[in-house]
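As a plain string of letters, each chain reads:
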Amino acid sequence: MNLILIGQFQTVAEARAVTERMKALETLAEAEWSDDDWRSRDERMPPEISKALYDMQLYDMGRADVDAYALDHRVTRDGEKIRIWTDDTEIQGFLKVLLHHGAKVEIFSRHNWDEDANPIASEEDANAASPSDTSDGDDGGSD
């Protein structure tokens, strides 16, 4: 999907804390990766994940939210702004952490927008913006 999520925080300290929280969730997700065997109670929400989420005060997160942190993604911080790049459409776990910590959030596809949320011009737009050379030399003025 090639998505970017941007979380804007009021302070650098808040953004730094969320980055650290996301690293902890990634470590947890990799350690407790689901094998999708939902038949046993522990596979639905192992006690280790429940305890870690409780300790982080992330009470509204579920197993799938945590598992998303084990999938391919990248998190960077620049001042008060956090950027998350992912090819996965399961982004609810990222959203929950960003919103839980008070972020203003933007989500967009890198197919149509660059990393700074500016539109990427398509070939059609580029062709429409450049004037075509169909003039006959007459500039419309009087001689």
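Up top is the structure.
Let's talk about the overall build of the chain
The secondary structure content of the chain amounts to 6 helices and 4 strands. When the helices and strands of the chain are read in sequence order from the N terminus, they spell out β-α-α-α-α-β-β-α-β-α. Within the chain, the proportion of its 143 residues that are buried is 29%. If you take every contact in the chain between residues at least 6 apart in sequence, the share linking residues at least 24 apart comes to 69%.

Comments concerning the environment of threonine 19
Relative to the helices and strands, threonine 19 is located in helix 1 (residues 12–31). Taking the relative accessible area as the measure of exposure, threonine 19 reaches 11% and is therefore buried. C-alpha of threonine 19 to C-alpha of valine 75: the two residues are 56 residues apart in sequence and 7.4 Å apart in space. Not counting the four nearest positions on each side in its chain, threonine 19 is found in contact with Arg77 and Ile82.

Focus on the sheet that holds strand 1 (residues 3–8)
One open sheet accounts for 4 strands, arranged 2-3-1-4; its pairing is antiparallel. Edge positions in the open sheet fall to strand 2 (73–78) and strand 4 (104–109), since each of these has one partner strand only. For this sheet the average axis-to-axis angle between neighbouring strands, irrespective of direction, equals 15°. The sheet contacts of helix 1 involve strand 2 and strand 3 (81–86), and relative to strand 2 the element is tilted by about 160°.

Some remarks on helix 1
A rise of 1.5 Å per residue sets the reference length of helix 1, with its 20 residues, at 28 Å; its end C-alpha atoms lie 29 Å apart and thus fit the reference within 8%. Burial in helix 1 covers these residues: Ala15, Val18, Thr19, Met22, Leu25, Leu28 and Ala29. Packed against the buried residues of helix 1 are helix 3 (47–55), helix 4 (63–67), strand 2, strand 3 and helix 5 (92–100).

Details of unusual backbone geometry
One non-glycine residue, glutamine 57, adopts positive backbone phi at about 60°. Note that glutamine 57 resides in the loop between helix 3 and helix 4. We classify glutamine 57 as partly exposed; its relative accessible area is 48%.

Observations concerning the nonpolar core
Met22, Leu25, Met61, Tyr69, Val97 and Leu98 are the most contacted members of the largest nonpolar core, which has 24 residues in total. Secondary-structure elements contributing two or more residues to this core are strand 1, helix 1, helix 3, strand 3 and helix 5. Those residues in contact with methionine 61, other than ones at most four positions away along the chain, are Leu25, Met45, Leu53, Val66, Tyr69, Gly93, Lys96 and Val97.

Focus: the environment of serine 122
Here serine 122 lies in the loop between strand 4 and helix 6 (123–129). For serine 122 and asparagine 112, which are 10 residues apart along the polypeptide, the C-alpha to C-alpha distance reads 8.4 Å.

Considering helix 3
Every buried residue of helix 3 is accounted for by Ile49, Ala52 and Leu53. Down the axis of helix 3, the smallest arc covering the buried residues is 95°, so these residues share one side. Relative to its buried face, helix 3 has exposed residues pointing more than 90 degrees away, namely Lys51, Tyr54 and Asp55. Along its buried surface, helix 3 packs onto helix 1 and helix 4. Phi turns positive one or two residues past the end of helix 3, at glutamine 57, with a value near 60°.

What counts, and at which threshold
- The numbering scheme is per chain: residues are counted from 1 as the chain's sequence reads.
- It should be noted that, the model being predicted, local features are given only for residues of pLDDT at least 70 and side-chain atom pairs only at 80 or more, the latter also being counted only at that level, while totals for whole chains, interfaces and linings use all residues.
- Hydrogens and water molecules were not included; the side-chain quantities draw on all heavy atoms of the structure.
- Secondary structure counts use DSSP, requiring at least four H or I residues in a row for a helix and at least two E residues in a row for a strand, with both numbered from the N terminus.
- Working definition: with a 1.4 Å probe on protein chains only, accessible area under 20% of the residue-type maximum means buried, over 50% means exposed, and in between means partly exposed.
- Residue contacts follow a heavy-atom distance rule, with two residues in contact if any of their heavy atoms lie within 4.5 Å.
- Any two strands between which DSSP finds at least two bridges are classified as paired.
- Fitting a line to C-alpha atoms yields each axis, with helices limited to the stretch in contact; the angle taken between N-to-C directions then spans 0 to 180 degrees.
- To estimate how far a helix should extend, the number of its residues minus one is multiplied by 1.5 Å.
- By nonpolar core is meant a set of buried Ala, Val, Leu, Ile, Met, Phe, Trp, Tyr and Cys residues that side-chain atoms within 4.5 Å join together.
- The arc in question is traced by the directions running from the helix axis to the C-beta atoms.

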